[in-house]
Structures are given as structure tokens and as C-alpha cells.
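# Report on the structure
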Amino acid sequence: METQKVSEVLAQATEAKLTRRGALKGAAAIVGAIALARIEVGNDLAFAATDRPPKNVRASFSIFGDDYNPTPSMVKSPNNPLPIHNLQVVINEYEKMYPGVHVSVVTPHYSNDDRRTWEVTQLTGNTAPEILQTPAQAIIPDMGKGWWVNLDPYLAQPNPYIPKGQPGSVHWIDEFYSAPTDVQRAPDGHLYAMPYDFSSDLVYYNKTMFEKVGVAPPSTYAEFINVLAKLHKAGYIAYGARVPTSPWFILGEMVMRGYETKIKPTGSGGSYTPKDVALAVLHGVWGADKPEYANYLELLKEQEPYWKQDWSLYVTAVDANVENDFLQGRIGVLNSGVYMVSNLNGTSNLPFKWSTIPFPRVTRGNGVGQSSYADGKSAPSNSSADVMYAVTKTAREKGNLPVVIDFLRYISAPKQAARIINELGQKLPIEKGVPVPPDLKAALGSQFNSKGVGGMFFYQYTFTTEEFNKVANLSTAYLLGRASLKETTTAIQKEYVAESKANAAKFGWK
Amino acid sequence: MAQFGPSEVPRTTALAGGMLAHGKPRREHTLWQRIVRARFAYLLLLPCFVFLLVFSYYPAFSALYGSFFNFDYGLSAHFLGLSNFIALFNDQVFLGSLWNVAQLSLFGVIAGVTVPVFAAEWIFRLRSQRAQYFYRILMIWPAVVPEVVGTLIWQYIYDPDAGLLNNFLKAIGHPEWAHPWLADPSTALYAIMGASFPFVGGAAVLIYLAGLQSISSEVLDAASIDGCSGLRRFWHIDLPLIKGQIKLNIVLAIITGMQVFIGPLLLTNGGPMNATNVPILYMWQQAFTYGHFGYASAIGVVVFVAVLILTILNLKVLRDKE
């Protein structure tokens, strides 16, 4: 409406030869329109609370959709093995619904290790996309900077794109499975990134290699070590992990699970919040100084001789080559994300048969691969939200926050989420009402309500990257025989206490 | 030659002496007047100085300023005085990185200064001009390939399972020598040193070659007549006469060595367990991975001071010896 007034005044002024008075009126109208626009965008919640944006809403913003970014082509080739485009399809629909809105997809070029550098540079330079896929852990060090928008107030509102009566139609947050969502909350209790899908590690194995060597898929940790030893002896790379520390935490959780009967979790679905664990560490109830922690490290060391030889280079990063090694039939057992299922299914002429097994459970005992602290129950999952969409300060500064939030509501509604997430079928949808890919349902379908990384041992996931790296390096020193067990647990406990103290002071935990 | 009387002093000579032809003192122009007169030249120089200020001096001085603060982009900075520097010299990772860079630099100086001398001497002694030209080109050719490419090739060479090196060792019947070269903290740093094989920097060879070519042919002829050839000529004639070039290459090798970054970043990312971390990589990690920009600035300042001191000492020692 304001735009119309401005254009009318300008048109009149142009037609009737621009007089001084006309020019002044025009300028006043422009200033007034800008002021009104500022008032409107300043009130983010007022707009977002409405049912849907008005049809004539105008905005232009960008999204880094990461795993869902459309590929340059839909033609499958060795350089484009998994073509996708449904995010762009959904964007086109949204732009058709709101012709004044333009959404562009950003594809940054960085290697895995440079991701944070790219993010910091974009956010510092005020050029970050309005919607940025980012792990919740990466947001923790930025708290207090105003870089990320707290999404809780928006998630408490209805999602107008979800049909009435379905989860999320009253409170948007209800659309998401609560356990894997809540563990992504920042230490201050807020959600700064909207979970979009969730994933978990799976243990893949080369069936053909197992048959050649004459070993059966293991179900216990003791059997697992035995199998790895035989694969190693046969000249194969027995074991590799994309993120070497991921399976460590599953093992640690199994050995230290006994503490979880003594300490009450306060998170939803029985998960522990960073506050729960920090206070347990500071009160001396739980930590690396316990005998169970030392036992976890000993169990890890029993397995180490069979790992891919250069694992120590990737404890603070990601081994990007290990999946390729598995695809070429060089690795016997691979620990990686669920997305490998579709990668393996999508690889033509795979020279071997493959399958998955649950992470081996630790049995009680004193033999190799056994623990006197284990309960013998099945291994926990490390499932958690994977792709997470955070809204950056750019949205607030450019005044398009309400539309950006509305766009997130649109793409997370089951109809759109099903198309985007299931296009490749690599991950589990975290939105209720979205069908689960059949390949994944069997292996992971039960994890929707599991606490996943809400277990105590996964506490390290909420550490700052610096602390996380320190603990990983200290563990590595023990595994490579460069530090004693006592030295290692003492040093790790020091880091746990330091991190817990820092968080307790920052967030006022008592 | 033209003869001049006292009153016939050429005008240029008189002007150069600050006197006008009639003997009155020349009117000195002020600095501003001289700038205005040469404004076109200054205008041409301006972009160079602007870029230098913006991209070299401003970052350097802002890092010096920032090293006294605890700052992270997005948060307000707090003045810390010398705390960052005190913390730095109690930081085991930083101290370890200094030791690593010292070893890398020492190796870089030895290998990067000596091997190119032999390469240059060998090219210089070739009789055929055409062959000299060919090998000169061959030496400089690798310089057009980005360092990153060479480093990544070495990553594959060192791969513990599929790498060329381990497979070669297995092929010659010594599988027990195969090793995870980059992943073992005790060999990783040496593996990074080895990645600069064959240690023949094109620029260093050209510098030496220029020095050798400037040796007077009379000296070489005299040496030849006196029966001084081969290694004796190299040791007693060539080497002393390219001392200046050796000095230059030592200084350059130290400066480059202290700032080494790409090799450790691409081959090991400073790992395993910081065994190959170097100050510049640690500075980058502190700034962009951990968000400690003040601390990172302090590392930058320390490295700058260290390079400056080493360069001054180096020049002084070499000059004194002369």
C-alpha cells in the first residue's frame, strides 16, 4: 500500500514537471515509507504469528541447504553420483505462492575442515545466507554474539502449512520428534537451529571379505575384536571410521551406563542436558577419574591395532577417504552415517556384497573385549539431528526474518519435507508424519524416541571445539602408547572440570 | 672534448650544485611544491601504496593492537595487557610448535641452500648453451605448479595402505619398513620435511646461477691454467664468489621456514597430537577454529619478532664473517 502511494506521488511529480514542492512531497513519502517498513520488520514476532504472509509480501534471501542443495545437473555421472533437485522444486512453489519473494540457494566451496572458517567469515562480514545449515555444536561458541536467531518463540507458534489436527499445527515444535530434537538445545536451553532430519552411525561390513576370511558378523565386542584381528591377519584393512571418535563414545556410553541409574536426567525422553552432566562432573559424581572411564580406554586400545593405520590424523576431523576405501572393497568394517546405505545401493558394479550390523554390545567379564562394568545390554544409538537449519543475523538485519521463518515452516511441513528428505532416502525424517525410507526403517526405525546422544558419555558433543580436540588428542596419546592410563584419565578429567566450570559460570548452573 | 671557461660552466653542472648560472643561490622548492610538480608520478604510485596500506600495513598493525586484547568477532574486546603473551609462553602446544618450526627451518636452510648450489653448478658447467637453457627452464618449470598440488601428491605417496612409498618398500622385499609415516607422531615431522624432495627450489637455483655467471672468465681461465678444476674449483673459486647469493638464500630460507603453513595444514592438519603443528597453523586454528583472535594476533606478533631477530642476526653474522 505504501509502495503504491510513493509511486503515485513520484508519477505525479514527473508528469507535472518536478516542482520544489512536489520533490519535497516525494522525498517525505519515501522517508515515511522507509520508516513504516522499519517499524514493520522490527516487530518480528507480530508478523510470524500471523497465519501466512500476505500474498504481496516482498523479500529476497538465501539458503545454504547443504545435503539438500540441488546438484548442478540431474544427470547421474561419476562426478554427480546422487543428483537431487527437490529443494529447488519446493523453492519454486514457494516463490509461485508469493511472487514477491526470491529465494536463492548458496553453495559455498570449502573442505570439511574449513567449514567454521567460512561461517565465521560470512557472519563477520554480514554476508551469511539467512538460512544456514550448521551443526548445533558450532553455534555454542557464538552465543552472546547475536549471530543466530533463537527459534523457540517461533517454534511455539502454529505452523500454518500443517493441516489442522496434525502434530505441529498448534505448536510447530510438536512436529519434531522430541528426543533427537531436544539434545540439540544449546546450553542455555534454547534451540538455535531447526532440526530437519536425523541420522545415526551404522556398522557396515564387507560380506564377501568376511566369507573369504571365514568369519561371521560379530554381536559382542569380544567377537568384534576377534573378527578384526582375523581380517587384519588376512592382509585387509580391518576397520575404518569416517569420524573416528564417534564409535568411541558409543563404547564409552556402554561401559559407563551404570551411572545413569544414579543420576536423574532432566531432558526430554530420558536424555541428559549439558547442565546435568556438568554438575555431575563438578560434584565428583561422574567423570574421567572413575575406573569405568579407564576401562573404556583400555577396551579401545584392544581394538586400535586393527584400525586404518592413519586414524590418528582424523581424531579432530573427518576421514573423507575411508568411505571410498570401503566402496573399493579394501576395508572390512566401516563405521559411518546412515547415508552410506543409499551410496552403497546407488553404486553400480560394487565388487562385493555388504550388510550392516548393530554396534557390538560389551559383555560383562575380564577377557579381551569384555568389561567388568558392562551391563551386557545392546549398544546405544548415537542418533541425533543431522541437517539443522539456523537463521542468521542477516535475516534480522535485512528485515526479512518473518518471511525466512515462514519459509522454514513451509519446507518442514510433512508434504514438503517428505519430498526433500526422501529424495535420496539417505536420512531419517525428524518430522512426524513423513514416511521413512524402507531401507532405513529396518535398521533405524526404532530410534525416533531413543535418547541418542542424550546419554552422559556424549556430553563431549557440547564441548567447544577446542576442548573436544584436547580430549581427543589426550585419548590418542594413550592409544598410541605415548601416555600412561593414569596420566591420560587425569588430564582428561582436568579438561572435563574446566569445561564444566566454564559452562556453569556462563549459564549460572548450580 | 669541449673546453669550458669559468663563465662557461655547463648549466646542468651549475644546477646540480644548487647555483643558478649567474651565481645566485637556487630557490628551493618546498616538499609540497615538489609533490605538486611530480603529481602525475605520485598519482601512478598511489594505487600501490593504497593496496600496501590496506592489505599489508593495516592488518599487521591491527594484529599488533589486537594482541593486547581478548577479542572474538561479534563480542566486545577486553584489554588484557600482556596476558596473551604470558599465556602463550605457557602454552605447551605453542612451545611445541616453535620446536617443530625450528626443526623444519633448519632442515629447509640446509636442504634449500645446499642442494640448489650443486644443481646450479652442474648447469653452469654444461658446455652447450642450449642444454644450459633447457635445464634452467626445467628447474623453474615446477614453480608454476601451485605448492598445494605438490603437497597433495605427497599425501598420496605417504598413504599407509595404497601409497607409493609403502608399496615400493613392499615391492623391494621390505614390508616391515612400511609405516604410517604421517600418522605416527615420531615420523610425521620428518615426513613433512621429505615432502619437499628433491629440495631443488627453482628460484634458489636461478639466484646461484646468476652468481656463477657473473664470475669473470679471466678468473676461471686462470684457475684452469693453474690446474684448478672439478671439486677444487667449486670449493676454492665458485663457492667463495657466490657467497652473497648463499647469504640471500639463507635469509630467504629462514623467512620461508618460519612461516611454513601449507605442508602441515594439508598433510596432517598439525596432527597427530600436534606433533607437526607450527606457529602459523596454530595461529590460524586459534583464530578461525576456536575464535581466539586476540591470542592468534599475539602468535602473529611473536612470529614476526622472531623472524625479524633471526634475519638481523643472520645478516650481521654473515657480514662480520666477510
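In this text, all values refer to a predicted model and were calculated from it rather than measured experimentally.

Calculation rules
Residues numbered from 1 in each chain as written. Chains lettered and ligands numbered in written order. Predicted model: local features only at pLDDT ≥ 70, side-chain atom pairs only at ≥ 80, totals over all residues. Heavy atoms only, no water. Helix = DSSP H or I, 4+ residues; strand = E, 2+ residues; numbered from the N terminus. Buried < 20%, exposed > 50% of the residue type's maximum accessible area, 1.4 Å probe, protein only. Contact = heavy atoms within 4.5 Å. Buried area = accessible area lost by both parts, 1.4 Å probe. Salt bridge = Lys/Arg side-chain N within 4 Å of Asp/Glu carboxyl O. Polar contact = N/O pair within 3.5 Å; in protein donor to acceptor, adjacent residues only side chain to side chain. Nonpolar A, V, L, I, M, F, W, Y, C, P; charged D, E, K, R; others polar. Phe/Tyr/Trp six-rings, centres within 6.5 Å; stacked < 30°, edge-to-face > 60°. Axes fitted to C-alpha atoms, helices over the stretch in contact; angles between N-to-C directions. Parallel < 35°, antiparallel > 145°, perpendicular 65-115°, else oblique. Lys, Arg positive; Asp, Glu negative; His and termini not counted. Pairing = 2+ DSSP bridges.

Looking now at the overall build of chain A. Helix and strand counts for chain A stand at 21 helices and 14 strands. Within chain A, the fraction of its 510 residues that count as buried is 55%. The long-range fraction of contacts in chain A, counting pairs at least 24 apart against all pairs at least 6 apart in sequence, stands at 73%.

This brings us to the interface of chain B and chain A. Contacts between the two partners involve 28 residues from chain B, matched on the other side by 25 residues from chain A. Here chain B meets chain A over a buried area of about 2,200 Å², counting both sides, of which 57% is carbon and sulfur. At the surface where chain B touches chain A, the tally comes to 1 salt bridge. The partner of D72 of chain B in a salt bridge is K145 of chain A, with the nearest N and O atoms 2.7 Å apart. Where chain B packs against chain A, one counts 5 residue pairs in polar contact (both at pLDDT 80 or more). Top element by residues in the side of chain B that touches chain A is helix 15 (residues 279–289) of chain B. It accounts for 4 residues. Residues that form the side of chain B that touches chain A fall into these classes: 15 nonpolar, 9 polar and 4 charged.

We now examine the packing of aromatic side chains. This model, assessed by the stated rule, comprises 43 aromatic pairs over all chains. Measuring from ring centre to ring centre gives 4.7 Å for Y205 of chain A and F210 of chain A, while their planes differ by 40°; the resulting arrangement is tilted. Of the residues examined, Y205 of chain A reaches a relative accessible area of 6% and is grouped as buried. Take F210 of chain A: its relative accessible area is 2%, and that puts it in the buried class. Aromatic pair F107 of chain B and F199 of chain B: ring centres 5.4 Å apart, planes at 80°, arrangement edge-to-face.

The next thing to look at is the packing of helix 11 (residues 245–256) of chain A against helix 20 (residues 465–479) of chain A. Residue and element names in this part refer to chain A. For the pair helix 11 and helix 20, the least separation of the axes is 12 Å and the interaxial angle reads 80°. By the criterion of interaxial angle, the relationship of helix 11 to helix 20 is roughly perpendicular. Facing helix 11, whose interface residues are T245, W248 and F249, helix 20 presents F468, A472, S475, T476 and L479. A breakdown of the residues in the contact of helix 11 with helix 20 according to their chemical character gives 5 nonpolar, 3 polar and no charged.

Another aspect to go through is the side chain of E431 of chain A. All names here are of chain A. Structurally, E431 is set in the loop between strand 14 (428–429) and helix 19 (438–444). Of the side chains with opposite charge, K427 lies nearest to the buried E431, which makes no salt bridge, at 11 Å. Every residue in contact with E431, bar those within four places of it in the chain, is listed here: E175, F176, Y177, P195, Y196, S412, A417 and I421.

All names here are of chain A. What the rule picks out here adds up to 25 salt bridges over all chains. With a shortest N-O distance of 2.6 Å, K427 and D67 are connected by a salt bridge. Of this pair, K427 sits in the loop between helix 18 (414–421) and strand 14 while D67 is found in the loop between strand 1 (59–64) and helix 4 (86–97), placing the two residues 360 residues apart along the sequence. Linking E119 and R115 is a salt bridge whose minimum nitrogen-to-oxygen distance equals 3.5 Å. Taken together, the residues span about one helical turn, with E119 and R115 both in helix 5 (residues 115–124) at a distance of 4 residues. As far as burial versus exposure is concerned, E119 and R115 are alike and both buried.

By definition, the strands of a sheet pair up through backbone hydrogen bonds, in either a parallel or an antiparallel sense. Residue and element names in this part refer to chain A. With mixed pairing, the 4 strands of this open sheet are ordered in space as 7-8-6-9. The strands lining the two open edges of the sheet, one partner per strand, are strand 7 (237–241) and strand 9 (354–357). Here the average twist between neighbouring strands, direction ignored, is 25°. Across 4 bridges, the pairing between strand 7 and strand 8 (residues 331–337) is parallel.

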